[in-house]
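A look at the structure
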Amino acid sequence: MAIQEREPNNTMATAQNLFGLLPTGGTRSVTKTIEGSVSGADTDFFRFLPGNQATSKITITLTGTNSNFFLYRDANHNGQIDPGEFIDGTFGRASKTITLDGSGDNIYHVQVSKSGSAANYKLDITATPGLGSEREPNNSPSQAQDIGRLNGFRNFGGSVSSSDRIDYYRFRLDTNRDVSLSLNVKSSTTNAGLKLYRDANSNGRLEANELVATGTGSNDLIRKQLGTGDYFVEVAQVSGSVDYRLNMSALA
Ligand SMILES: [Ca+2]
Ligand SMILES: [Ca+2]
Ligand SMILES: [Ca+2]
Ligand SMILES: [Ca+2]
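Residues numbered from 1 in each chain as written. Chains lettered and ligands numbered in written order. Predicted model: local features only at pLDDT ≥ 70, side-chain atom pairs only at ≥ 80, totals over all residues. Heavy atoms only, no water.

This brings us to the coordination of the calcium ion (ligand 4). Distances from the calcium ion (ligand 4) to its protein donors, Glu136 (OE), Glu136 (OE), Asn138 (OD1), Asn139 (OD1), Asp164 (OD), Ile166 (O) and Asp167 (OD), fall at 2.2 to 2.7 Å. We note that the donor set of the calcium ion (ligand 4) lies within a single chain, spaced as E-x1-N-N-x24-D-x1-I-D. Between the two metals, the calcium ion (ligand 4) and the calcium ion (ligand 3), the spacing is 3.5 Å, and Glu136 donates to both. For Asp164, a relative accessible area of 15% corresponds to the buried category. (Donors = N, O, S within 2.8 Å, 3.2 Å for Na, K, Ca; no water. Buried < 20%, exposed > 50% of the residue type's maximum accessible area, 1.4 Å probe, protein only.)

Below you can see the structure in the form of structure tokens.
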């Protein structure tokens, strides 16, 4: 049954709370459907969290002409939208679905606003339990799996081996953030290495002087304050057939 919007919900601070989507230990996808309307002076905010640290993806779909939606995470918990807190939006695109692979249990805010005359809308938010998955081919920077703007936690499972030596992921920062990356390898008889690059000259290639950090310690930890830019994460096989979990976060 659909949830009706409740006014006032015009700011992040007064967002209508949808709470967690997934029950603890649940194994099935859960969808919440919200119905509302927006007009010139009326914008609507909703807040939700997946409810489970291991969430393979969140999908948000907006139905209704003349409306837009924007996804944020209030990184500094001040109830307002600050630089770097925007994650994705529809901006009048024909397809109004946003998918976040490998989402951790972040608290998200969705804003619906009108793009034309007053609009009725339906918003479907789906959370799917499990771990985000790498998508092959991801063997070069140009094939890197693009996770979009990194804000909060994102987690992926993948593998590298002698026949698939490298996996690349890419993310974007729109403001300064404390970024943390780590690589957990399932079997102690296998090993992989973690590197972080920033494509400073935006030529789509990763040059030696663009290396930002190399993982250290048993979990290949990288922890650094980073500024605006396009970043590439490289997971490279060192020995054996490696099943890994890559944890990424960007916090205020
Ligand atoms: Ca409304
Ligand atoms: Ca409103
Ligand atoms: Ca792989
Ligand atoms: Ca690969």
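Turning next to the nonpolar core. Core analysis: the largest hydrophobic core is formed by 24 residues, its most contacted members being Phe171, Val233, Val235, Leu246 and Met248. Counting residues per element, the ones that place at least two in this core are strand E13 (152-160), strand E14 (166-173), strand E15 (177-185), strand E16 (191-198), strand E18 (222-226), strand E19 (229-239) and strand E20 (242-251). For this core, the element with the highest residue contribution is E20, accounting for 5 residues. Ignoring sequence-local partners within four residues, the contact set of Val235 consists of Val160, Arg165, Ile166, Asp167, Tyr169, Leu183, Ala192, Gly193, Leu194, Tyr244 and Leu246. Residues Leu22, Phe48, Tyr108 and Ala119 belong to the second largest nonpolar core, which totals 23 residues. (Core = buried A, V, L, I, M, F, W, Y, C linked by side-chain atoms within 4.5 Å. Helix = DSSP H or I, 4+ residues; strand = E, 2+ residues; numbered from the N terminus. Contact = heavy atoms within 4.5 Å.)

Further remarks concern the coordination of the calcium ion (ligand 1). Within the protein, the atoms that donate to the calcium ion (ligand 1) are Glu5 (OE), Glu5 (OE), Glu7 (OE), Ser37 (O), Asp42 (OD), Asp44 (OD) and Asp44 (OD), at distances of 2.2 to 2.6 Å. The metal-metal distance between the calcium ion (ligand 1) and the calcium ion (ligand 2) is 3.7 Å, with Glu7 coordinating both. Classification of Glu5 by relative accessible area gives buried; the value is 16%. The exposure class assigned to Glu7 is partly exposed, which follows from its relative accessible area of 41%.

The strands that make up a sheet are held in pairs by hydrogen bonds between backbone atoms, and each pair lies either parallel or antiparallel. Judged by pairing direction, the sheet is mixed, and its 5 strands sit side by side in the order E12-E14-E19-E16-E17 without closing on themselves. Two strands close off the open sheet at either side, each with one partner strand: strand E12 (145-149) and strand E17 (211-214). Each adjacent strand pair in this sheet contributes to an overall mean axis angle of 20°, direction not counted. As judged from the 8 bridges shared by E14 and E19, these two strands associate in the antiparallel manner. Paired with Arg170 across the strands is Phe232, a residue of E19. (Pairing = 2+ DSSP bridges. Axes fitted to C-alpha atoms, helices over the stretch in contact; angles between N-to-C directions.)

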